[in-house]
Amino acid sequence: MKKQVFLLTFITISNILFSQGNKIPLDTMVVTKHSIQIKGQALSYEATAGTQPVWDTNGEPIATLFYTYYKKSNSSPEKRPIIFSFNGGPGSASVWMHIAYTGPVVLNIDEEGYPVQPYGVTDNPNAILDVADIVFVDPVNTGYSRMVENKDGKLPDRKTFFGINADIKYLAAWMNTFVTRHNRWESPKYLIGESYGGPRVMGLSKELQNSQWMYLNGVILVSPADYKIYSTNQPIYSALNLPYFTAAAWHQKALPAALQQKELLDILPEVETFAIDKLMPALAKGGFISPEERERVAETMSLYSGLDKKAILDHNLNVPTRFFWKELLRDQGFTIGRLDSRYLGIDKMTAGNTPDYNAELSSWLHSFTPAINYYLREELNFKTDVKYNMFGDVHPWDRQNDETREALRQAMAQNPYLKVLVQSGYYDGATTYFAAKYTIGQMDPSGKMKDRVSFKAYRSGHMMYLRNEDLKSSTDDIRQFIKDSASKGSAKY
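Because the structure is a prediction, the values reported are computed rather than measured.

1. Here we look at the overall build of the protein
Inference 1: The secondary structure content of the protein amounts to 14 helices and 15 strands.
Inference 2: The C-alpha radius of gyration of the protein comes to 23 Å, within 12% of the 23 Å expected for a compact globule of 493 residues.
Inference 3: Each principal axis of the C-alpha atoms in the protein carries an extent, and together these give about 75 × 55 × 50 Å.
Inference 4: Residues counted as buried form 57% of the 493 residues belonging to the protein.
Inference 5: When contacts within the protein are restricted to residue pairs at least 6 apart in sequence, long-range pairs at least 24 apart make up 71% of them.

2. Here's the deal with a nonpolar patch on the surface
Inference 1: On the surface, Phe 334, Leu 344, Ile 346 and Tyr 357 cluster together into a nonpolar patch covering about 350 Å² of accessible area.
Inference 2: Its location among the elements puts Phe 334 in the loop between helix H10 (321-327) and strand S12 (335-336).

3. Considering the pattern of salt bridges
Inference 1: Enumeration according to the criterion identifies 27 salt bridges in this entry.
Inference 2: For Arg 80, the salt bridge identified is with Asp 133, shortest N-O distance 2.7 Å. Taken together, the positions of Arg 80 in the loop between strand S4 (61-72) and strand S5 (82-86) and Asp 133 in strand S8 (residues 133-137) put the pair 53 residues apart, joining distant regions of the chain.
Inference 3: Residue Arg 80 is classed as buried on the basis of its relative accessible area of 8%.
Inference 4: Here Glu 378 ties to Lys 383 by a salt bridge, and the two come within 3.7 Å at their closest N and O atoms.
Inference 5: You can call Glu 378 partly exposed: its relative accessible area is 32%.
Inference 6: Judged by relative accessible area, which is 24%, Lys 383 ranks as partly exposed.
Inference 7: Salt bridges sharing partners connect three or more residues here, namely Glu 112, Asp 340, Arg 342, Arg 467, Glu 469 and Asp 470.

4. Considering the packing of aromatic side chains
Inference 1: The full count for this structure, using the stated rule, is 30 aromatic pairs.
Inference 2: Judged by centre distance (5.9 Å) and plane angle (40 degrees), the rings of Trp 96 and Phe 391 are tilted. Here the residue Trp 96 occupies a position in helix H1 (residues 95-98), and Phe 391 occupies one in the loop between helix H11 (359-379) and helix H12 (404-414), the gap between them amounting to 295 residues.
Inference 3: Of the residues examined, Trp 96 reaches a relative accessible area of 4% and is grouped as buried.
Inference 4: Judged by relative accessible area, which is 40%, Phe 391 ranks as partly exposed.
Inference 5: By the ring-pair criterion, three or more aromatic residues cluster together here, those being Phe 161, Phe 162, Tyr 170, Tyr 196, Tyr 227, Tyr 230 and Trp 397.

5. Considering the packing of helix H7 (residues 264-285) against helix H8 (residues 291-305)
Inference 1: At a closest axis distance of 11 Å, the pairing of H7 and H8 adopts a crossing angle of 145 degrees. Here H7 runs over H8; the crossing is left-handed. Here H7 contributes Glu 270, Val 271, Phe 274, Leu 279, Ala 282 and Lys 285 to the contact with H8, which in turn contributes Glu 293, Val 297, Thr 300, Met 301 and Tyr 304.
Inference 2: Taken together, the residues that form the contact of H7 with H8 break down as 7 nonpolar, 1 polar and 3 charged.

6. Some remarks on the pairing of strand S14 (residues 419-425)
Inference 1: Along S14, 6 of the 7 residues are buried, which leaves the element largely enclosed by surrounding structure.
Inference 2: In terms of strand pairing, strand S11 (residues 218-222) meets S14 through 5 bridges, oriented parallel. From the neighbouring strand, Val 219 faces S14, where its bridge partner is Val 420.
Inference 3: The sheet contact formed by S14 and strand S15 (residues 453-458) spans 6 bridges and is parallel. Along S15, the bridge assignment pairs Gly 425 with Tyr 458.
Inference 4: Once you follow S14 into helix H13 (residues 433-443) and on to S15, the crossover reads as right-handed.

7. With respect to the layout of surface pockets
Inference 1: Volume-wise, the largest pocket comes out at about 860 Å³.
Inference 2: What lines the largest pocket is a set of 39 residues, and nearest its centre among them are Tyr 230, Arg 338, Gly 429, Ala 430 and Thr 431.
Inference 3: Of all elements in the fold, only helix H4 (227-230), H10 and H11 reach the threshold of two or more residues within the lining of the largest pocket.

8. Focus on the side chain of Lys 189
Inference 1: By the secondary structure assignment, Lys 189 is in strand S10 (residues 189-194).
Inference 2: The side chain of Lys 189 is buried and forms no salt bridge, while Glu 186, the nearest opposite charge, is found at 9.0 Å.

9. Digging into the packing of helix H3 (residues 197-211) against H12
Inference 1: Where H3 contacts H12, the axes come no closer than 8 Å and their chain directions differ by 45 degrees. Here H12 runs oblique to H3, going by the angle between their axes. Crossing handedness for the pair H3 and H12: left-handed. Contacts between H3 and H12 involve Pro 199, Met 202, Gly 203, Ser 205, Lys 206, Gln 209 and Asn 210 on the former and, on the latter, Thr 404, Arg 405, Ala 407, Leu 408, Gln 410, Ala 411 and Gln 414.

10. Comments concerning the environment of Lys 39
Inference 1: Its location among the elements puts Lys 39 in the loop between strand S2 (28-38) and strand S3 (41-55).
Inference 2: Accessibility expressed as a relative area gives 39% for Lys 39, which makes it partly exposed.
Inference 3: Measuring from C-alpha to C-alpha, the distance between Lys 39 and Ala 127 comes to 8.6 Å, with 88 residues separating the pair along the chain.
Inference 4: Excluding residues that lie within four positions of it along the chain, Lys 39 makes contacts with Pro 125, Asn 126, Lys 472, Asp 476 and Arg 479.
Inference 5: A polar atom in the side chain of Lys 39 sits 3.2 Å from the side chain of Asp 476.

11. Comments concerning the pairing of S11
Inference 1: The buried fraction of S11 is high, at 5 of 5 residues.
Inference 2: Residue alternation in S11 divides its side chains into two sets, Gly 218, Ile 220 and Val 222 and Val 219 and Leu 221, and both sets are buried.
Inference 3: Two strands pair when backbone bridges link them, and S10 and S11 are joined in this way by 5 bridges, in the parallel orientation. Residue Gly 193 lies in a different strand from S11, and its bridge partner there is Leu 221.
Inference 4: Regarding topology, H3 serves as the crossover connection from S10 to the parallel S11, and that connection is right-handed.

12. With respect to the nonpolar core
Inference 1: Core analysis: the biggest nonpolar cluster contains 59 residues, and Val 95, Ile 99, Tyr 101, Phe 368, Tyr 375 and Tyr 465 have the highest contact counts within it.
Inference 2: Element by element, the count of residues in this core is highest for H11, at 7 residues.
Inference 3: Apart from the residues lying within four places of it in its own chain, the contact partners of Tyr 101 are Trp 96, Asn 124, Ile 192, Val 222, Gln 423, Met 464, Tyr 465, Leu 471, Ser 474, Thr 475 and Ile 478.
Inference 4: Of all hydrophobic cores here, the second largest spans 49 residues; its members include Trp 174, Phe 178, Leu 208 and Ala 225.

Parameters and conventions
Residues numbered from 1 in each chain as written. Predicted model: local features only at pLDDT ≥ 70, side-chain atom pairs only at ≥ 80, totals over all residues. Heavy atoms only, no water. Helix = DSSP H or I, 4+ residues; strand = E, 2+ residues; numbered from the N terminus. Rg over C-alpha atoms; globule rule 2.2 N^0.38 Å. Buried < 20%, exposed > 50% of the residue type's maximum accessible area, 1.4 Å probe, protein only. Contact = heavy atoms within 4.5 Å. Patch = residues over 30% accessible without salt bridge, like charges linked within 9 Å, V, L, I, M, F, W, Y side chains within 5 Å. Areas by Shrake-Rupley, 256 points an atom, 1.4 Å probe, with all protein chains shown as cover. Salt bridge = Lys/Arg side-chain N within 4 Å of Asp/Glu carboxyl O. Phe/Tyr/Trp six-rings, centres within 6.5 Å; stacked < 30°, edge-to-face > 60°. Axes fitted to C-alpha atoms, helices over the stretch in contact; angles between N-to-C directions. Left-handed = near helix turned anticlockwise from the far one by under 90°. Nonpolar A, V, L, I, M, F, W, Y, C, P; charged D, E, K, R; others polar. Pairing = 2+ DSSP bridges. Right-handed = clockwise from strand over helix to strand, strands pointing away. 1 Å grid on protein atoms, 1.4 Å probe; cavity = no way out; pocket = protein on both sides within 12 Å on 5 of 7 lines; lining within 4 Å. Points joined across faces, edges and corners; volume = space filled by probe spheres on them. Lys, Arg positive; Asp, Glu negative; His and termini not counted. Parallel < 35°, antiparallel > 145°, perpendicular 65-115°, else oblique. Polar contact = N/O pair within 3.5 Å; in protein donor to acceptor, adjacent residues only side chain to side chain. Core = buried A, V, L, I, M, F, W, Y, C linked by side-chain atoms within 4.5 Å.

Shown next as structure tokens:
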């Protein structure tokens, strides 16, 4: 990577930059100046890597969150959109979208998104800093973010942070502090959340509005995980996986010849219709389905999935995704990836019902980890002995009372400026693209706000931006979304 870092200044509120041991400075900033070419145009920006406390109701610090804030130089902050970026897990740092999607640097990868050695980062000509400033936030116990001991050396109650509603509550309060400190109250504001970050930002949209009086212009859901679907254990929801099965099998050239020769986007609409109109009702019947209907549905599922009809019948039409990852290429000796089914894995035994490991995640971890540690230390000059947690200890995670889908609906109903963009990868087997479509429909069953929701899908997996062609198109989709949602004048129903 051609280094374009110009050290501006070190601002260390704690007066300790190079922290040692397992403690991170509570409240500190390191500011550096950089320049980059985005879409062929030169852009100068400031990068702030720092920590900011989470306060309890008495104004005492109970945690400190690490963040990276990118701001266009010589701009008026009140006029510039600002995006707060969260990844998921729960327990994941913000590293993935930070150095592979919207930020000013991108992981060293090939055109299809597979990591290359030597590891590292390079300039991202598709970064969205030309249209918005960005804050990448690491929740507690991810990245360099940590809980803080009180004066008696005791850590706060873990329930304060590690649950779907607790997470939303403290992050909203933290954002209020950030917006106030950096004079961003007048800025058009956006949230982007990937995977579990989807329900996180759905919940934040209402919490910010109702508890922090902070109103948003847009929410971007990247491969969102809707636990109203995944946590119910209802067989009918497995119907939503079939279009993904088709896409993954098509990519792996495992569909019957008559379908394989077709273009993917010509096949998926008919599979989506079958999944909703035929498969979901069949699954709802359970053991009361007639043998004739069961056979017909299984035969069509086999056609659309590349799986053997008998295997589908053996699962009573309710085929687990983990079985699909193991079964699709079993005769070739490979498994396929969970988060990105373009990846292949090799198991110890061909037999079995689930892969030994996630081939794609193993690949990503051994390339993202050295890259983010190098980048933060050497390019952004944030130096610490504290371990950067790609995934942190946040369990047990309280998933009770998940009303995040409804929270987004209420936020949109109360705020006519608020728009939503959903982005998914066709080859994502963890949070499938058709489940994301279903979530949109269930979020607003009246359909009265559907003109404020847009959906985009791409020919890659969970992190669809790893593929260069999709990185270009997905960042352009965000640019257009910001342009369309940074409203001027009045908005009313």
